[in-house]
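Chains, contacts and geometry: an overview
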Amino acid sequence: MAEGTSTAASRLPVLSVVVVNYRGADDTVTCLRALRSDLDYPADRLEVICVDNASGDGSVERLRAVEGVLVVESGANLGFAGGCNLGTQHASGTVLAFLNNDARPHPDWARAAVRVLAAQPDVAAVASKVLDWDGERIDFVDGGLTWFGMGYKRHAGELDDGRYDAPRDVLFATGAAMFVRTGVFTEVGGFDERFFMFYEDVDLGWRLNLRGWRVRFEPGSLAFHRHHASMSQVDTEDNARELYLLERNALAALYKNASDATLASALPAALALAIRRATARGGIDPTQLEITRRDEDTAGDHDTVAISRPALAGVLAIDQFVELLPSLAASRAVEQAARVRSDADLLPLLRKAMEPAYPLPRYLAAHDILVEAFGLERVFGGRRKILVITGDAISERMAGPAIRAWHMAEVLSAEHEVRLVTVNPVCAPPEAPFPVVRAKHRELDPHVAWADVVVLQGHALELVPALKKPGSTKIVVCDVYDPMHLELLEQGKDEVAEQRELDLAGVTKVLNTQLERGDFFLCASERQRHFWLGHLMSLGRLTPALYDADPTVRSLLAVVPFGLSGKPPQQSRSPIKAGIPGIGAGDRVVLWAGGVYSWFDPLTLITAIGTLARRRPDVRLVFLGMRHPNPEVPEMDISAQVRALAGRLELTGRHVFFNEIWVPFDQRQDWLLDADCGVTTHYEHVETTFAFRTRVLDYLWAGLPIVTTDGDSFAELVRTERLGVVVPAEDPDALAEALERVLYDAEFAQACQDRIAVVRERFTWENVLAPLTAFCRDPRPAADRLAGAETLVRKPGLGAAGTVRRDLGLVREYLDVGGPGELAKRAAGRVRRIARERLSGGRHDA
């Protein structure tokens, strides 16, 4: 509901909402009333402007009857684009919103969008999430653009189950519900009125992106839409007028916004494809005028041929595109001069540029011919095939490696064909926008052969021997976020000494093989990056040539931490405070999110809880999952120690609770939001120094204040950003005090939560995977793996005189170091080496 003036409200910008009406007063009145009565935005910060596009049906009187709406009458039907522009001329807000007259806003529609504009100054426009009128099916959650200029709504018509609710950058917002900064809208000239309606929103978003602005999809900004209710007032049943506008405007948008190089290939192909689309749509015989068929033409050469209006729409669209060319050329000059981003920069936002869009057989055949003839795959970067391999279980209950592989596949699938393969026997994945396959070791080769790029983790490279061969040209990305050999130092403490050494040598060899083979490497933190740089240097991968080309070496080794969902967690139930006997709604819950492994220190935490419980009887500690979802990961001895200590201190079932079964991935948000703080404790050792505790990201996602042991990279983050409390290792008293502070000092806890809200945006999967995304857009073999690579300038030979000088220098050096004995030993060694070389057919350079 609209609110009155307050301090908080005064910090909101004035918002001007423009609604265009043309003979749709029933829908428009509903829309205007919803804006004035249902929208949660201060009344004195909200303008509602309705433009009547010369309806001539008495609409104006009905619109003026809606309280709090400024009605602007146009002298003619200006279309959606012209009507919106006219409305903005009467607006005083610093933010403009456009809402179709056959749409209605959710109460949070405006606030959610304004928050994005306030928080992200490089975002020019916000794309609302749009559902059908009943809120069941998707109208708009993402946009794509074909190479021939036609924008389309991805996932339109699908049931809305929330899977597309992560905020993301898009090429354009739908004109049905969008927001834009007034200054930017004015600077770019608003909507292009030549479009009249359809694709004016695509064109605007395209221009904004070219100029360096971002368009951001925000699912919290929600609207509901009766699709094309207004078009029914002006079109016929065959939708010919709509087809005409779509065809003409696609060509206009392509002509204005594509670069010279792109346009040279795309425009002639787009014109030809428009004709084929028209003839295919109309079922026209394209060979009827062939000279060889003259004798078959019984109707006579001069009779007319019937052409349907949908077929004619494509032909007339090209005709009128030509009429627009003089004015479009002037606009093109402006846009090309103002652009700061290349077509290649925008390719990811096109999503599936090679999408044919129409399922007509003759049309599809022509599409393929034109793509090949004009080399459009090269121009628009055909979708690459990317294989992600994990050894972890993929199911509703996933652990860290599988979660990381899953999100890599998910983010990359927006731009590429992605296949996620696990070699684990457990493969029962949730529904995904990419194929998920379980493969035995011997079944990996076909998947690898299919892929252009292979992203792997763990031991996966060992399972594909062909990738390790020196002549392999497949591009390989190695995800070394888990320093397995350091982990094994802790995990294997209970093993027999000899076996422990063998295991460590084996894992180190696995990692070295990856570091020797990979074209690009991912690690989880700057600390890890320094560690792996040492490894790469020792293996000879940091060559002078690579260093000279990239002194940062980030082209070879990039930081990609674990991420978190861009969609805020939502609680649907209370599994802890209303689900675990012994824990009540008023208790304070400390959550240990994740498994219990040897390198952690849950024993100090148990002791601290015992100490704290004596003065705070309502404190509760919950271990989220004791049994790992991967059956190949055995329960470690530390689990038994934790249970035993909690039992001895009489805490089990009173202050300490163990959830034995791993929580399904999509249910963990319920557990996180049922807690009051998150905790992670570990020992002080080298594994800690380079570890990346992924559970801390879950705490950030849920906004939980964090208590952590010092020593790892996340402790630095918590300390620097003041997200909770950092304590010394194995200090139960300090840990108890820290837990007490975050649980019972409400002001401190709230301050932590406020700061967490800012920090967690850095760790969304979309953001953290940016280096991998960038690499996959232009994947290249590592420079030292290119066939034929060699040193350009070689060291010259010594020659006879140089050899004598070298040997005399060595004689003096050996005499200085050890006298005649050292010289005799070295000389004997030289003689033996020469003899061996001659016996083996080798050559000796004296």
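As shown above, the structure is provided for reference.
First, a word on what this report is: a plain description of the structure on this page. (Residues numbered from 1 in each chain as written. Predicted model: local features only at pLDDT ≥ 70, side-chain atom pairs only at ≥ 80, totals over all residues. Heavy atoms only, no water.)

Points about the state of the cysteines
Our working definition: Criterion for a disulfide: a pair of cysteine sulfur atoms at a distance within 2.5 Å. Buried means the residue's accessible area, taken with a 1.4 Å probe over protein chains only, is under 20% of the maximum for its type, while exposed means over 50%, and partly exposed covers the values in between.
The final tally for this structure, using the stated rule, is zero disulfides. The closest cysteine sulfur to the non-disulfide-bonded C752 is located on C677, 10 Å from its own sulfur. Unpaired in this structure, C776 has its nearest cysteine sulfur neighbour in C478, at a distance of 13 Å. Overall, C776 belongs to the buried group, its relative accessible area being 0%.

Structural notes on the pairing of strand β1 (residues 15–21)
Quick note on the threshold: The helix and strand labels rest on DSSP assignments: H or I over at least four residues marks a helix, E over at least two residues marks a strand, and numbering proceeds from the N terminus. Any two strands with at least two DSSP bridges between them are considered paired.
The element β1 is largely enclosed, with a buried count of seven among its seven residues. Both faces of β1 are covered, namely the face carrying L15, V17, V19 and N21 and the face carrying S16, V18 and V20. Where β1 lies against strand β4 (residues 95–99), four bridges are found, and the strand directions are parallel. Residue pairing in the sheet places V18 in a bridge with F98 of β4. In this structure, β1 lies alongside strand β2 (residues 46–52), joined through seven bridges in parallel fashion. Residue pairing for β2: L15 is matched across the bridge by L46.

Considering the sheet that holds strand β23 (residues 677–680)
In any sheet, the strands associate via hydrogen bonds between backbone groups, in a parallel or an antiparallel arrangement. Worth spelling out the cut-off: Orientation is described by axes fitted as lines to C-alpha atoms, over the contacting stretch for helices, and by angles from 0 to 180 degrees between their N-to-C directions.
Strand order in the open sheet formed by six strands is β22-β21-β20-β23-β24-β25, and the pairing between neighbours is parallel. Each edge of the open sheet carries a strand with a single partner, namely β22 (656–658) and β25 (724–727). For this sheet, the mean inter-axis angle between neighbouring strands, taken without regard to orientation, is 20°. Pairing between strand β20 (residues 588–592) and strand β21 (residues 619–623): five bridges, direction parallel.

Regarding the nonpolar core
Stated precisely, the cut-off is as follows: In this description, a nonpolar core means a group of buried Ala, Val, Leu, Ile, Met, Phe, Trp, Tyr and Cys residues linked to one another through side-chain atoms lying within 4.5 Å. When checking whether two residues touch, look at their non-hydrogen atoms; a contact exists if any pair is within 4.5 Å.
Membership of the largest hydrophobic core comes to 115 residues, with the highest contact counts inside it found for L99, W109 and W147. Apart from residues no more than four positions distant in its own chain, W147 is found in contact with L254, A266, A269, A270, L273, A353, M354, H367, V371, L376 and F380. Of all hydrophobic cores here, the second largest spans 62 residues; its members include Y481, L672, L717 and F763.

As for the packing of helix α8 (residues 240–257) against helix α9 (residues 260–282)
Heads up, the condition is: The cut-offs work like this: below 35 degrees is roughly parallel, past 145 is roughly antiparallel, 65 to 115 is roughly perpendicular, and the gaps in between are oblique. Nonpolar residues are Ala, Val, Leu, Ile, Met, Phe, Trp, Tyr, Cys and Pro. Charged residues are Asp, Glu, Lys and Arg, and all others, Gly as well, are polar.
The interhelical angle for the contact between α8 and α9, taken along N-to-C directions, is 170°, at an axis separation of 10 Å. Overall, the two elements α8 and α9 adopt an arrangement that is roughly antiparallel. Residue-level contacts link L243, E247, L251, L254 and Y255 of α8 to L263, A266, L267, A270, L271, A274, R277 and R281 of α9. Broken down by class, the residue content of the contact of α8 with α9 amounts to ten nonpolar, no polar and three charged.

Thoughts on the sheet that holds strand β15 (residues 436–438)
What the seven strands build is an open sheet, ordered β15-β14-β13-β16-β17-β18-β19; its pairing is parallel. Edge positions in the sheet fall to β15 and β19 (557–559), since each of these pairs with one other strand and no more. Strand-to-strand twist across the sheet, computed as the mean angle between neighbouring axes with direction ignored, equals 20°. Summarising the sheet, strand β13 (residues 385–390) and strand β14 (residues 417–422) pair through six bridges and their orientation is parallel. The residue of β14 that forms the bridge with K385 is E417. Those strands touched by helix α14 (residues 400–412) are β13, β14, β15, β16 (453–457), β17 (475–479) and β18 (520–523), and its axis lies near 170° from that of β13.

Points about the pattern of salt bridges
Going by this rule: We define a salt bridge as a side-chain nitrogen of Lys or Arg found within 4 Å of a carboxyl oxygen belonging to Asp or Glu.
Scanning the model with the defined rule gives 47 salt bridges in all. Here the salt bridges share partners, and the residues they tie into one network are D192, R194, D203, R207, R211, K256 and E335.

As for unusual backbone geometry
We note that V553 has phi near 60°; this positive angle belongs to a residue other than glycine. As for its position among the elements, V553 is in the loop between α20 (544–549) and β19. At E730, a position not held by glycine, the phi torsion is positive, near 55°.

Here's the deal with the packing of aromatic side chains
Selection criterion: Pairing of aromatic side chains here covers Phe, Tyr and the six-membered ring of Trp, requires ring centres within 6.5 Å, and sorts the geometry by plane angle: under 30 degrees stacked, over 60 edge-to-face, intermediate tilted. When the NZ atom of lysine or the CZ atom of arginine is within 6 Å of a ring's centre and also within 35 degrees of its normal, the charge is said to sit over that ring.
Counting across every chain of the model gives 18 aromatic pairs. For the ring pair W592 and F600, a centre distance of 5.5 Å and an interplane angle of 75° mean the geometry is edge-to-face. Centre to centre, the rings of W592 and F623 are 5.5 Å apart; their planes meet at 45°, and the pair counts as tilted. You can see W592 sitting in strand β20 and its partner F623 sitting in strand β21, a full 31 residues away along the chain. Take W592: its relative accessible area is 0%, and that puts it in the buried class. A relative accessible area of 0% places F623 in the buried class. An aromatic cluster is built from F80, F98, F185 and F191, whose rings are joined through pairwise contacts. When the ring centre of W133 is taken as origin, the NZ or CZ atom of R104, which lies over that ring, is 4.7 Å away.

Structural notes on the environment of R573
Keep this limit in mind: Identification of polar contacts relies on pairs of N or O atoms within 3.5 Å, with a donor-acceptor requirement for protein atoms, meaning one able to donate a hydrogen and the other able to accept it, and with residues adjacent in sequence counted only if both atoms are side-chain atoms.
Within the secondary structure layout, R573 lies in the loop between β19 and β20. With 94 residues separating them in the primary sequence, R573 and D479 have C-alpha atoms 35 Å apart. In contact with R573, other than residues within four places in its own chain, are Q667, D670 and W671. Side chain to side chain, R573 and Q667 meet in a polar contact 3.3 Å long.

A look at empty space enclosed by the protein
What counts is decided by this rule: In this analysis, the protein atoms alone were mapped onto a 1 Å grid. Cavities are point sets where a 1.4 Å probe fits without being able to get out; pockets are open sets with protein on both sides within 12 Å along at least five of seven lines; lining residues have an atom within 4 Å of a point. Grid points are joined across faces, edges and corners, and a volume is the space filled by probe spheres set on the points.
Enumeration according to the criterion identifies one cavity of 30 Å³ or more in this entry. There is about 140 Å³ of room inside the largest cavity. Surrounding the largest cavity, 15 residues form its lining, W206, T262, D343, L350 and F380 being those nearest its centre. Breaking the lining of the largest cavity down by element, the ones donating at least two residues are α7 (200–210), α11 (343–350) and α13 (376–380).

Here we look at a nonpolar patch on the surface
Cut-off, in case you're wondering: Within the patch definition used here, like charges are joined within 9 Å and nonpolar side chains (Val, Leu, Ile, Met, Phe, Trp, Tyr) within 5 Å, considering only residues with over 30% relative accessible area and no salt bridge. Surface accessibility in these figures is a Shrake-Rupley result with a 1.4 Å probe; residues are shielded only by whichever protein chains are displayed.
A cluster of nonpolar side chains, namely I275, V305, I307, L312, V315 and L316, defines an oily patch on the protein surface of about 470 Å² accessible area. No other element matches the three residues that helix α10 (residues 309–338) contributes to the nonpolar patch. Structurally, the position occupied by V315 is in helix α10. Under the relative-accessibility criterion, V315 is labelled partly exposed at 42%.

Observations regarding the side chain of R404
Checked against the element boundaries, R404 lands in helix α14. A polar atom in the side chain of R404 sits 2.6 Å from the side chain of D479. With near-sequence residues (within four places) excluded, R404 lies in contact with D479, Y481, L522, C523, V560, P561, F562 and W765.

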